[in-house]
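# Architecture at a glance
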Amino acid sequence: MGNCCATPQTDDYETKKRGKKKNPFSLHHGNNDADGGFKLVVLKEPTGFEIEKRYQLGRELGRGEFGVTYLCTDKETGEKFACKTISKKKLRSAVDIEDVRREVEIMKHLPEHPNIVSLKDTYEDDHAVHLVMELCEGGELFDRIVSRGHYTERAAAAVAKTIVEVVQSCHQHGVIHRDLKPENFLFANKKETALLKAIDFGLSVFFRPGETFNEIVGSPYYMAPEVLKRNYGPEVDVWSAGVILYILLCGVPPFWAETEQGVAQAIIRSVIDFKREPWPKVSENAKDLVRKMLDPDPKHRLTAQQVLEHPWLVNAKKAPNVSLGEAVRARLKQFSVMNKLKKRALKVIAEHLSVEEIADVKEGFDVMDVNKSGKINIDDLRVGLHKLGHQMNHTDLQTLMEAADVDRDGYLNYSEFATISIHLKRVGDDEHLQKAFEFFDQNQSEYIEHEELRDALADELHSHSNGEEVINGIMHEVDTDKDGRISYEEFAAMMKAGTDWRKASRQYSRERFNSLSLNLMKDGSLKLI
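As annotated in an unreviewed UniProt entry, the protein chain is non-specific serine/threonine protein kinase from Tripterygium wilfordii. Entered under Subcellular location (unreviewed entry) in the UniProt record, the comment concerning the protein chain runs "Membrane".

## As for the pattern of salt bridges
Summed over the entire model, instances satisfying the criterion amount to 14 salt bridges. A salt bridge links Lys197 to Glu134; its shortest N-O distance comes to 2.9 Å. Note that Lys197 is positioned in strand β8 (residues 196–198) and Glu134 in strand β5 (residues 128–134), a separation of 63 residues in sequence. You'll find Lys197 and Glu134 in the same group, each marked buried. Between Asp288 and Lys292 there is a salt bridge whose closest N-O contact spans 3.1 Å. Note that Asp288 and Lys292 are positioned in helix α7 (residues 284–293) at a spacing of 4 residues, about one turn of the helix.

## Digging into the confidence of the model for the protein chain
Mean pLDDT for the protein chain: 77, with 68% of residues reaching 70 or above. Contacts of residues 1–26 to residues separated by more than four positions or lying in other chains number 84 contacts, the stretch itself having pLDDT below 50. When the criterion is pLDDT under 50, residues 28–37 qualifies, and its contacts beyond four places in sequence or with other chains add up to 17 contacts.

## Some points on the packing of aromatic side chains
By convention here, two paired aromatic rings are described through the distance between centres and the angle between planes. Under the criterion given, the structure shown has 12 aromatic pairs. Judged by centre distance (4.9 Å) and plane angle (40°), the rings of Tyr246 and Trp279 are tilted. Here Tyr246, found in helix α5 (residues 235–250), pairs with Trp279, found in the loop between α6 (260–269) and α7; they are 33 residues apart in sequence, far enough to count as distant. Exposure class is identical for Tyr246 and Trp279. Each is buried. With a centroid separation of 5.7 Å and 90° between ring planes, the pair formed by Phe437 and Tyr488 is classed as edge-to-face. Of this pair, Phe437 sits in helix α15 (residues 430–440) while Tyr488 sits in helix α19 (residues 488–496), and the two are 51 residues apart along the sequence. Feature note: the residues Phe437, Phe439, Phe440, Tyr488 and Phe491 constitute an aromatic cluster, connected by ring pairs. In this arrangement the basic side chain of Lys90 is found over the ring face of Tyr411, its NZ or CZ atom lying 5.9 Å from the centre. Directly above the ring of Tyr447 sits Arg485, whose terminal nitrogen or CZ lies 3.5 Å from the centroid.

## A word on the side chain of Ser204
Looking at the secondary structure, you find Ser204 in the loop between β8 and β9 (205–206). For Ser204, a relative accessible area of 0% translates into the label buried. A distance of 3.1 Å separates a polar atom in the side chain of Ser204 from the backbone oxygen of His177. Apart from residues lying up to four places away in sequence, Ser204 is in contact with Arg102, Ile106, Val175, Ile176 and His177.

## Digging into the packing of α5 against α7
Taken N-terminus to C-terminus, the directions of α5 and α7 make an angle of 145°; their axes are 8 Å apart at the nearest point. Here the hand of the crossing between α5 and α7 comes out left-handed. Here Val238, Trp239, Ala241, Gly242, Leu245, Tyr246 and Leu249 of α5 come into contact with α7, specifically with Ala286, Leu289, Val290 and Met293. Residue composition of the contact of α5 with α7, grouped by class: 10 nonpolar, 1 polar and no charged.

## Brief notes about the pairing of strand β3 (residues 80–87)
Here β3 lies mainly inside the structure; 7 of its 8 residues are buried. Counting the residues that bridge the hairpin from strand β2 (residues 67–74) to β3 gives 5 residues, and of these Gly78 lies at a positive phi of roughly 80°. As defined by bridge partners, β3 adjoins β5 across 7 bridges and the pair is classed as antiparallel. Following the sheet pairing, Ser87 is matched in β5 by Ala128.

The rules behind the values
- Residues numbered from 1 in each chain as written.
- Predicted model: local features only at pLDDT ≥ 70, side-chain atom pairs only at ≥ 80, totals over all residues.
- Heavy atoms only, no water.
- UniProt positions renumbered as here; feature names shortened; annotations may be inferred.
- Salt bridge = Lys/Arg side-chain N within 4 Å of Asp/Glu carboxyl O.
- Helix = DSSP H or I, 4+ residues; strand = E, 2+ residues; numbered from the N terminus.
- Buried < 20%, exposed > 50% of the residue type's maximum accessible area, 1.4 Å probe, protein only.
- pLDDT = per-residue confidence, 0-100.
- Contact = heavy atoms within 4.5 Å.
- Phe/Tyr/Trp six-rings, centres within 6.5 Å; stacked < 30°, edge-to-face > 60°.
- Lys NZ or Arg CZ within 6 Å of the ring centre and 35° of its normal.
- Polar contact = N/O pair within 3.5 Å; in protein donor to acceptor, adjacent residues only side chain to side chain.
- Axes fitted to C-alpha atoms, helices over the stretch in contact; angles between N-to-C directions.
- Left-handed = near helix turned anticlockwise from the far one by under 90°.
- Nonpolar A, V, L, I, M, F, W, Y, C, P; charged D, E, K, R; others polar.
- Pairing = 2+ DSSP bridges.

This is the structure we're talking about:
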C-alpha cells in the first residue's frame, strides 16, 4: 500500500475536508457525526484520533496507490518517522478497507525484527488513517547496489539471506507477504552498514497450515506459477525471493515479456536462462539455489528454512568476491532510469498542448467526477478511461497522473485532467511525439545521440558512478536498428511500449492479470481465451 520512504518532495501536509456519506463497510457505520452523516471507522484500536497533537507532519516523502507518506516528527522527542496517510475517500470497497485493517494487524502481530520496518502508532480521524512507522532514509535496494563501484556474488548472497530471513519470520508467525519485490526493501539510513528492511505489508495475509488462497495479487514478474493458477500458499514468497536473487545476480528478471500474457506464459514454463552473462562466472552453488527456489512445483520448492540452510547462504561470507561485471549494475540502473526517460518525454508533450485542444474534454471530466467535487483521483481516472476505451497499465497511468498533477495533491482538477486527456488522444500523434523528440534532439540532426541522451538525463545520473553504462544500456534497448543513435521511429516505439518491469504494481496485477482469461494447456503453456 505504498512505501514508507521514497524520493523526497517539497509539499507540506494539509488536512482536506471530505464529504460524509454512509459506508456499509465501516466498523461502526451506524455512528452519526455532528452533521448527521455517517463515519467510516477503519481501525479497531487506533492509538489516537488527532495525530497533530503528538506529531508534526512535514514534507512529502512519496505516494502510493492509496496513501501519501510524509516526514513525521515527534513533538516531544524530535525523533523522525514516516507517516503513511491513507485518505478514506480512496477506500471505496470492503476489500480496500480490509486491506488497511489487515496491514495494521499484521504489522502489530509480527515480532520485532531488525529487517522489518516497525509500526509505532496508528491514528484515525474523519478523513484519513495515519500509520506512523520507522523512517527508512537509505534508499531502495537496487539504487544502493548500482551506486557501489564493485558488485559481487558475495554481496548478492548477503542481500538474499536478509530477504529470506524476513520470509522465514513471516511464515513462522502465520503471515504470507505476497508482494516481495526489490522496491519493497529499503535501507534504514545511508551508512554502509545500514540494515535492509521490508517496508510494505499491504498485500500480506494471515494463513493457517494447509490453507490455500486464490486471489491474484502481487507484482507480475515476481508471481509464482501457482498464483496464476489461483491455488497457493506460503511457498509463493520463496519463489518471489528467488526471482529477486536471479535479478541480483544478473540484472534482469528470469521471466520477462512485453505483454501480460507473455509474462504469464514465461512464468508457467519456468525455463531459467543460465547462459547469458554473467552466469558463466557465477558459482554452481548460487545457480543451484536459484533453481531450487524457482522450482515450479511448490511441493518441491525449498522452504524459507531450507533456503537458509543451503550451502551458498550458510557460507554467504565466503561466496566469491569477484565482480559480476559492470553489465549487471548497469542493467539494474538502466531499468530504473528508463521510466524517468519516458516521464520526461510526457512532460514535454504536456507543455505543448494548446487551449483549443482541451476545449472538448469537459464532458469526460464531468463523467469521472462522480462526487462533483471538482477533482478526480487515480481510481476515478482509471474507471473513466476504461469506459472511454483506454486500456492502460498502472505504471503508465501513474506516470501520467504525476506529470499532470501540478499541485501534487493526489487529485486532478479540470485543467490538469485536460492535459492528461489530450495526451491520451495524442500520444500516437506525430505532432506531439515530435515535440518531445525535438526536446532530446538538441542539435536537430533528427536523431537522439549518445551525448544528447546523457545531457537530458544528467539529473538522474549525476550521483551514479556507472552513468555511462546506463546510457549505453538505454541506447541498446531503444536503438533497435543498432546504428548507435535513436531515430524518431524508435523513440515513438519506446513511448508506446511498456518497458519498466520494476514498477509493476499492485493495481496493475489485480486489474490486468485478473482480466486475463487463462487456460492452462497440456504442454504447460497458457492460452488466452
